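# Examination of the molecular architecture
So you can see what is in the structure, the chains are spelled out below.
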Amino acid sequence: MTSTEQKIAAQILYLEDNRATGPDSLRVTRLPAADKGHAHSGAFGPATDPAVFRHLKSLLDAGKKEEAWEASLQYVLDNTQAVRTWLGAQDCPAVEFFLRDFFFNAGVKSASLAVQRAVNARNGSLKEDGIAGPATRSAFQAALTANGETVMLMLLHRFREQHYRSCKQWGAFGKGWINRLDAAASFAAGLLR
């Protein structure tokens with residue numbers, strides 16, 4: 001794991017739980033019933049891949065906090081790895097972080113749909129189906145090259161907010177989602193080159 005990947009994964013864990021700032025603050029917990037996420041609050045819950053949950057819990061119970069932290073960071077990276085294929089060979093850490101965070105928080109379909117809508121907002125003609133196939137990846141890479149990371153980040157922000165506002169859980173989680181969105185955008189801005 002590179003230092004940039006480590007920073008990205010750590011920030012995603014922090015956005016899941018602002019108490020998750022390092023090995024000493026990692027925890028496992030039960031998620032609220034209304035939360036459909038796989039990991040929540042830097043605190044991994046049983047809805048996380050059960051084997052991962054058990055592994056992290058056993059490491060924490062054994063006092064192996066550093067090992068649990070590294071495993072948690074790797075879990076975030078492994079479960080958002082598809083974002084790298086969307087970027088191709090381009091080095092765009094701000095967009096990579098922003099998409100990995102959205103992917104981790106809302107899932108592949110939501111993140112893919114935001115990519116498609118961002119491309120289409122810049123004169124693309126992608127089918128908006130939430131599937132990041134070869135056409136979507138190619139068009140996204142071309143849009144990044146043509147428009148730059150800052151413009152694409154702004155568009156992804158817009159469509160991520162639209163996604164949140166369209167969710168039926170908006171009333172219960174909307175304020176937290178917008179706080180996360182703003183924090184993610186701020187962190188991403190710090191990664192712009």
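To be clear, the structure that these remarks concern was listed above.
On a predicted model such as this, the values are computed, not experimentally measured, just so you know. (Residues numbered from 1 in each chain as written. Predicted model: local features only at pLDDT ≥ 70, side-chain atom pairs only at ≥ 80, totals over all residues. Heavy atoms only, no water.)

Following the criterion strictly, the structure yields seven aromatic pairs and no others. Judged by centre distance (6.0 Å) and plane angle (45°), the rings of tryptophan 86 and phenylalanine 103 are tilted. Here the residue tryptophan 86 occupies a position in helix H4 (residues 82–87), and phenylalanine 103 occupies one in helix H5 (residues 93–106), the gap between them amounting to 17 residues. Phenylalanine 103 carries the same exposure label as tryptophan 86, and that label is buried. Aromatic side chains tyrosine 164 and tryptophan 177 sit 5.2 Å apart centroid to centroid with 15° between the ring planes, which places their arrangement in the stacked category. Placement of the pair is tyrosine 164 in helix H8 (residues 149–166) and tryptophan 177 in helix H9 (residues 170–191), with a sequence separation of 13 residues. Given a relative accessible area of 1%, tyrosine 164 falls into the buried group. Following the ring pairs from residue to residue traces out a cluster consisting of Phe102, Tyr164, Trp170, Phe173 and Trp177. Here arginine 160 stacks its cationic end above the ring of phenylalanine 98, 4.9 Å away from the centre of that ring. (Phe/Tyr/Trp six-rings, centres within 6.5 Å; stacked < 30°, edge-to-face > 60°. Helix = DSSP H or I, 4+ residues; strand = E, 2+ residues; numbered from the N terminus. Buried < 20%, exposed > 50% of the residue type's maximum accessible area, 1.4 Å probe, protein only. Lys NZ or Arg CZ within 6 Å of the ring centre and 35° of its normal.)

On the secondary structure map, glutamate 96 appears in helix H5. Note on glutamate 96: relative accessible area 6%, which makes it buried. With 95 residues separating them along the chain, glutamate 96 and leucine 191 place their C-alpha atoms 9.6 Å apart. Those residues within four positions of glutamate 96 in sequence are excluded, and the remaining contacts are Ile8, Val83, Arg84 and Leu87. (Contact = heavy atoms within 4.5 Å.)

All right, on to the nonpolar core then. Within the largest apolar cluster, 49 residues are counted, with the highest numbers of intra-cluster contacts made by Trp86, Val95, Phe97, Leu99, Phe140 and Leu156. If one sorts the elements of this core by residue count, H5 sits on top with eight residues. When neighbours within four sequence positions are excluded, leucine 99 is seen to be in contact with Val83, Trp86, Ala111, Val115, Phe140 and Leu156. (Core = buried A, V, L, I, M, F, W, Y, C linked by side-chain atoms within 4.5 Å.)

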